[in-house]
Amino acid sequence: MASQEDLRQLEQRVDSKLAQLEQQLYGGDGGAKDSGVLPGARQTGNSDAQVLKKVSTRLQDFEAQITAQLSNLQSDFDKKLSHVNRGASSM
């Protein structure tokens with residue numbers, strides 16, 4: 001079962017991946033590049049605000065999914081810990 005350390009490592013991996021995606025999306029100059037992440041965003045007339053709103057929405061959805069998964073892991077961990085404690089106290 002996932003321990004607190006496992007959850008911290010998962011959070012660090014998610015943060016690292018998010019930083020990589022932001023770097024790909026915005027590039028070094030802070031502007032969106034046509035790197036395949038947002039293909040043709042500049043040519044189709046999408047404003048920066050529209051692109052940022054889409055990215056923000058997707059990041060919020062991703063955050064909600066990760067939060068739900070972490071919550072489930074914590075709940076499972078607590079249940080198993082409780083079960084182990086009950087077994088240890090009966091000895």
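(A) Seen up close, the overall build of the chain. Looking only at helices and strands, one finds 2 helices and 0 strands in the chain. Counting only residues that meet the buried cut, the chain has 14% of its 91 residues in that class.

(B) Local environment of the pattern of salt bridges. Evaluated as defined, the whole model comprises 1 salt bridge. A salt bridge links Glu5 to Arg8; the nearest nitrogen and oxygen atoms lie 3.1 Å apart. Here Arg8 and Glu5 lie together in helix α1 (residues 4-26), a separation of 3 residues that amounts to about one turn. Under the relative-accessibility criterion, Glu5 is labelled partly exposed at 41%.

(C) Region of the structure containing the packing of α1 against helix α2 (residues 48-89). As a packed pair, α1 and α2 sit with axes 12 Å apart at the nearest point and diverge in direction by 170°. Judged by the inter-axis angle, α1 sits roughly antiparallel to α2. Of the residues in α2, those in contact with Gln4, Leu7, Leu10, Val14, Leu18, Leu25 and Tyr26 of α1 are Leu52, Val55, Leu59, Phe62, Ile66, Leu70, Leu73 and Gln74. Residue composition of the contact of α1 with α2, grouped by class: 13 nonpolar, 2 polar and no charged.

(D) Just α1, in detail. For α1, built from 23 residues, the straight-helix expectation of 33 Å at 1.5 Å per residue is met to within 8% by its first-to-last C-alpha distance of 33 Å. Packing partners of the buried residues in α1 comprise α2.

(E) A look at α2. The end-to-end C-alpha distance of α2 is 60 Å, a good match for the 62 Å that 42 residues give at a rise of 1.5 Å each. Those residues of α2 that fall on the buried side of the exposure criterion are Val51, Val55 and Ile66. Where α2 is buried, its residues meet α1.

Definitions and limits used
As a convention, each chain's residues are numbered from 1 in the sequence order in which they are written. The predicted nature of this model means local features are confined to residues of pLDDT at least 70 and side-chain atom pairs, given and counted, to a pLDDT of 80 or more, with totals for whole chains, interfaces and linings taken over all residues. Water and hydrogen atoms play no part in the side-chain values, which are based on all heavy atoms of the structure. Strands here are runs of E lasting at least two residues and helices are runs of H or I lasting at least four, both read from the DSSP assignment and numbered beginning at the N terminus. The cut-offs for exposure are 20% and 50% of the maximum accessible area for each residue type, with area from a 1.4 Å probe on protein chains only; residues under the lower value are buried, those over the upper are exposed, and the others partly exposed. By convention in these notes, a salt bridge is any Lys or Arg side-chain nitrogen within 4 Å of a carboxyl oxygen on Asp or Glu. Axes, fitted as lines to C-alpha atoms, cover a helix only where it is in contact. Angles between the N-to-C directions of the axes lie from 0 to 180 degrees. Note that the term roughly parallel is reserved for angles under 35 degrees, roughly antiparallel for angles over 145, roughly perpendicular for angles of 65 to 115, and oblique for everything else. Note on contacts: a residue pair is in contact if any heavy atoms of the two residues lie within 4.5 Å. Ten residue types, Ala, Val, Leu, Ile, Met, Phe, Trp, Tyr, Cys and Pro, are classed as nonpolar, four, Asp, Glu, Lys and Arg, as charged, and the remainder, Gly among them, as polar. A helix is expected to span 1.5 Å multiplied by its residue count minus one.

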